[in-house]
Amino acid sequence: MKLIMAIIKPFKLDDVREALTPLGVQGLTVSEVKGFGRQKGQTEIYRGAEYHVNFLPKVKIEVAVASDLADQVVEAIIKAAHTGKIGDGKIFIMDIQRAVRIRTGEADEAAL
């Protein structure tokens, strides 16, 4: 099993969700986060004053999938989240040792 964590632009969230549904992804977790990478923030104007925003709003998606589905999920996220501009985000793939569904006690891939 794999845990796929993607940091993307907020307006791409619905596109990514719609891309994952046909692959059989049944659930995902979304968090609103802030951060910066090579963008190093941006300059904005508020009430005539210019100020620098160090951390940009992003969305973090976490989805647990069977190992054989991981590559397809990553490709779907890349295609759906891509804008071609700096700040499109990153994807991290991690191994999951064990998963348990609390309600039923199902374990591992049955718990996904």
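Residues numbered from 1 in each chain as written. Predicted model: local features only at pLDDT ≥ 70, side-chain atom pairs only at ≥ 80, totals over all residues. Heavy atoms only, no water.

1. Some remarks on the pattern of salt bridges
Let me state the cut-off plainly: Only one rule defines a salt bridge in this text: a Lys or Arg side-chain nitrogen within 4 Å of an Asp or Glu carboxyl oxygen. Note on classification: 1.4 Å probe, protein chains only; a residue is buried when its accessible area is under 20% of the maximum for its type, exposed when over 50%, partly exposed between these limits.
Under the definition given, this model contains five salt bridges. We note a salt bridge from lysine 12 to aspartate 15, for which the minimum N-O separation is 3.5 Å. On the basis of relative accessible area, lysine 12 is assigned to the buried category, the value being 13%. Judged by its relative accessible area of 34%, aspartate 15 is partly exposed. One salt bridge connects glutamate 106 with arginine 101, and the closest N-O pair in it is separated by 2.8 Å. You can call glutamate 106 partly exposed: its relative accessible area is 33%. A residue is classified by how much of its surface remains accessible, and arginine 101, at 27% relative accessible area, is partly exposed.

2. Some points on the sheet that holds strand S5 (residues 56-65)
Inclusion rule: A pair of strands is considered paired only if DSSP assigns at least 2 bridges between the two. Numbered from the N terminus, helices here are DSSP runs of H or I no shorter than four residues, and strands are runs of E no shorter than two. For every element, the axis is a line fit to its C-alpha atoms; helices are fit only across the contacting stretch, and the angle between N-to-C directions ranges from 0 to 180 degrees. Any two residues whose heavy atoms approach within 4.5 Å are treated as being in contact.
Taking strand neighbours across the sheet as the criterion, the four strands line up as S2-S5-S1-S6 in an open arrangement whose pairing is antiparallel. The strands lining the two open edges of the sheet, one partner per strand, are strand S2 (29-35) and strand S6 (89-95). Averaged over all pairs of adjacent strands, the angle between their axes in this sheet comes to 20°, without regard to strand direction. Against the sheet, helix H1 (residues 13-20) engages strand S1 (2-8), S2 and S5, with an angle of about 10° to S5.

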